[in-house]
Amino acid sequence: MHPLIVRIQQILPIPTWLRSSAMQQGLMFIMVSVISLLLMSSLTVAYVDYHLDKVNNNIEHNVEAFMLGTTTEINKEPIDEDDIIDVLATGFILSGILVVLFSSAIVIYMTRLNQSKIDRIEKVLRAAADGELSARTMMSSQGNDLTRIGSTIDEMLSRLQNVVAAMSDISTNIAHELKTPITRLQYNLLTLNEMAETHQENLDANFSEQLELALNESSRLANIFDALLRISQIKSGNRRQRFETINMIDIVQTITEIYTDVAEDAGMSLTLAAQVEPIFIQGDRELLIQQLANLVENSLRYCPQASKLKLSCYTNNDSVVITMADNGPGIDNQEKNRVFERLYRINKSRNDGGLGIGLTLVKAVTELHQGEIKLYDCHPGLGVEIRYHCQ
């Protein structure tokens, strides 16, 4: 809203019945109509008066010439009806054009003003839908209904941001508090396992089996809390202080060297398709390596034997595009929007060792580097595309 209007509203508050945009537009239409009629009338009168003055001057000159004897004829019909009609018509047309231009300018201004408010509200809502709860419309609640809606949205987002921040703090604090006892439990189970190995002849097979299961579950639980703490650290943005110039070609080559043999041991193949020229971005090398490692491990975990995995890295305009594609079972469309949620697993009955955090961390690293991530179908299989801005 224009600062002058805001200042006027602070000095003279608008009545409640005037705070509707429909009412304001109606009053504006009435004002424009009245001003247009007055403007049209005044312009027409001025134009006709100007021409009548010219006719009057001609009559005076004709009479003066007759009296001086310079002419012997006097125009008996100095004012022609057709001329009067033409003058009036011309006056109405000219004043009508000016009124249309004036009215159009006011209508265009009001329309753009309201449309700018709608666009701002839409932009903030889209940003909030993408997870950017800090976006605000910065509208005053003293204007019309559009500004009140914008102000209400700002208030809603502020409360929602506080709730999300509180929930994040609670989950982080819980993870911190539980990490220590889980680590101690893991240590105690390892100690008990070592003691059991020295007295294995006195223990039955069921005890050893249950102890091994307890060790595996404690290790899994520790990994979950480590991943949750790491995701919270990434989302806080503190890792941006460690950003440096990174060559993404080196990153994808490192990942390929690490996981090629792992894929072969699992009966799969991993190939790399990358351009020769280096691609530089600003980022955290450790997190970028972990991000791509999670993508490769995710394909290795869920794809059957003889599957083909392909890691790609290339530039597209001003962006670096990284893709991880496979020809495995893929993901249903209704599941694609949920796989980035923490601890969400597509098939909860499968005991495949997955924590349901891998893709969550991948997305967190992408957002930390202000990139974009999306899933797509490979027919068959699943593809993950990540885009970062190049230097």
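Remember, predicted model here, so these are calculated numbers, not experimental data.

Caption draft 1: Region of the structure containing the sheet that holds strand 4 (residues 308-316). Reading across the sheet, the 5 strands line up as 2-4-5-7-6 and stay open at both edges, with mixed pairing between neighbours. Each edge of the open sheet is held by one strand with a lone partner, namely strand 2 (269-274) and strand 6 (372-377). Neighbour-to-neighbour, the strand axes of the sheet open up by a mean angle of 15°, direction not taken into account. Two elements, strand 2 and strand 4, share 6 bridges in a ladder whose sense is parallel. Looking across to strand 4, one finds that Leu272 is bridged to Leu311. Packing against the sheet, helix 6 (residues 248-265) makes contact with strand 2, strand 4 and strand 5 (319-326), and its axis sits at approximately 165° to strand 2.

Caption draft 2: Molecular detail of the pattern of salt bridges. Scanning all chains against the criterion turns up 6 salt bridges. The salt bridge partner of Lys374 is Glu385, with a shortest N-O separation of 3.9 Å. Of this pair, Lys374 sits in strand 6 while Glu385 sits in strand 7 (residues 382-389), placing them 11 residues apart in sequence. Overall, Lys374 belongs to the partly exposed group, its relative accessible area being 45%. Residue Glu385 is classed as buried on the basis of its relative accessible area, which comes to 12%. The closest approach of N and O atoms between Arg387 and Glu385, which form a salt bridge, is 3.1 Å. Here Arg387 falls in the partly exposed class, since its relative accessible area comes to 25%. Members of the salt-bridge network, linked through shared partners, are Arg242, Asp284 and Glu286.

Caption draft 3: Examining a nonpolar patch on the surface more closely. On the surface, a nonpolar cluster with roughly 430 Å² of combined accessible area is contributed by Phe29, Ile30, Val34 and Leu38. A relative accessible area of 58% places Leu38 in the exposed class.

Caption draft 4: Representation of unusual backbone geometry in the model. Going from His379 to Pro380, the amide bond is cis rather than trans, its omega being 0°. One can find Pro380 in the loop between strand 6 and strand 7. Although it is not a glycine, Asn317 adopts a positive phi angle of roughly 60°. Its location among the elements puts Asn317 in the loop between strand 4 and strand 5. Judged by relative accessible area, which is 75%, Asn317 ranks as exposed. The backbone of Gln370 shows a phi angle near 55°, a positive value even though the residue is not glycine. Assessed through its relative accessible area of 67%, Gln370 is described here as exposed.

Caption draft 5: Seen up close, the state of the cysteines. According to the stated counting rule, one finds 0 disulfides in the structure shown. Cysteine Cys303 remains unbridged, with the sulfur of Cys378 as its closest cysteine sulfur at 9.5 Å. With a relative accessible area of 8%, Cys303 lands in the buried category. Free cysteine Cys313: the closest other cysteine sulfur is in Cys390, separated by 8.4 Å.

Caption draft 6: Seen up close, the packing of helix 7 (residues 285-302) against helix 9 (residues 358-368). Two numbers describe how helix 7 lies on helix 9: the axes approach to 9 Å, and their chain directions differ by 145°. Here helix 7 runs over helix 9; the crossing is left-handed. Judged by residue contacts, Leu287, Leu288, Gln290, Gln291, Asn294, Leu295 and Asn298 of helix 7 engage Gly358, Leu359, Leu361, Val362, Val365, Thr366 and Leu368 from helix 9. The residue inventory of the contact of helix 7 with helix 9, partitioned by class, reads 8 nonpolar, 6 polar and no charged.

Caption draft 7: How the structure looks around the environment of Asn144. Mapped onto the elements, Asn144 comes out in the loop between helix 3 (81-129) and helix 4 (145-198). Put simply, Asn144 and Asn114 are 30 residues apart on the chain and 9.7 Å apart in space, counted from C-alpha to C-alpha.

Caption draft 8: Fine view of the side chain of Asp326. Assignment of secondary structure puts Asp326 in strand 5. Within the structure, the side chain of Asp326 is placed 3.0 Å from the side chain of Ser299, a separation counted as a polar contact. Those residues within four positions of Asp326 in sequence are excluded, and the remaining contacts are Ser299, Cys303, Lys308, Leu309, Cys378, Pro380, Gly381 and Leu382.

Caption draft 9: Broad picture of the confidence of the model for the protein chain. In the predicted model, the protein chain carries a mean pLDDT of 78, and the fraction of residues at 70 or more is 81%. A low-confidence stretch, residues 1-6 (pLDDT under 50), is modelled with 6 contacts involving residues beyond four sequence positions or located in other chains.

Caption draft 10: Representation of helix 9 in the model. Within helix 9, 8 of the 11 residues are buried, leaving the element largely enclosed by the surrounding structure. Among the residues of helix 9, those classed as buried are Leu359, Thr360, Leu361, Val362, Ala364, Val365, Thr366 and Leu368.

Caption draft 11: Main features of the pairing of strand 6. Bridge analysis of strand 6 against strand 7 gives 6 bridges, and the strand direction is antiparallel. In the sheet register, Ile373 faces strand 7, and the bridge partner there is Ile386. Hairpin connection between strand 6 and strand 7: a loop of 4 residues separates the two successive antiparallel strands, and His379 in this loop has a positive phi of roughly 50°.

Caption draft 12: View of the nonpolar core. Membership of the largest hydrophobic core comes to 48 residues, with the highest contact counts inside it found for Met248, Leu295, Cys313, Val320, Ile322, Ile386 and Tyr388. Secondary-structure elements contributing two or more residues to this core are helix 5 (205-236), helix 6, helix 7, strand 4, strand 5, helix 9, strand 6 and strand 7. Among residues more than four places away in sequence, those in contact with Val320 are Met248, Ile279, Ile281, Cys313, Tyr314, Thr315, Ile386, Arg387, Tyr388 and Cys390. Among the nonpolar cores identified, the runner-up in size contains 9 residues, and Ala127, Ala128, Leu133 and Ala135 belong to it.

Thresholds applied
All residue numbers here refer to positions counted from 1 along the written sequence of the relevant chain. Per-residue local features of the predicted model are confined to residues with pLDDT of at least 70, and side-chain atom pairs are confined, for both listing and counting, to 80 or more; whole-chain, interface and lining totals are unaffected and use all residues. With hydrogens and water excluded, all non-hydrogen atoms of the structure serve as input to the side-chain values. At least two DSSP bridges between two strands are needed for those strands to be called paired. Under the DSSP-based scheme used, a helix requires at least four consecutive residues in state H or I and a strand at least two consecutive residues in state E, with every element numbered from the N terminus. Lines fitted to C-alpha atoms define the axes here, with helix axes fitted over just the stretch in contact, and angles between the N-to-C directions of these axes take values from 0 to 180 degrees. Residues are treated as being in contact if the distance between any of their heavy atoms lies within 4.5 Å. When a carboxyl oxygen of Asp or Glu is within 4 Å of a side-chain nitrogen of Lys or Arg, the pair counts as a salt bridge. Only protein chains enter the accessibility calculation, which uses a 1.4 Å probe. A residue is then buried if its area is under 20% of the maximum for its type, exposed if over 50%, and partly exposed in between. Patches draw on residues past 30% relative accessible area with no salt bridge. Two like charges within 9 Å are joined, as are two nonpolar side chains (Val, Leu, Ile, Met, Phe, Trp, Tyr) within 5 Å. Only the protein chains shown count as cover for residues, and the accessible areas themselves come from Shrake-Rupley with a 1.4 Å probe. Note on terminology: pairs of cysteine sulfur atoms within 2.5 Å are recorded as disulfides. For any helix crossing, the convention is left-handed if the near helix is rotated counterclockwise from the far helix by under a right angle, and right-handed if that rotation is clockwise. Amino acids are sorted into nonpolar (Ala, Val, Leu, Ile, Met, Phe, Trp, Tyr, Cys and Pro), charged (Asp, Glu, Lys and Arg) and polar (every other residue, Gly among them). Distance and chemistry together define a polar contact, namely a pair of N or O atoms within 3.5 Å, with one atom able to donate a hydrogen and the other to accept it when in protein, and with adjacent residues in sequence counting only for side-chain atoms on both sides. As a per-residue measure, pLDDT tells how confident the predictor is, with possible values from 0 to 100. For our purposes a nonpolar core is just a set of buried Ala, Val, Leu, Ile, Met, Phe, Trp, Tyr and Cys residues, chained together by side-chain atoms within 4.5 Å.

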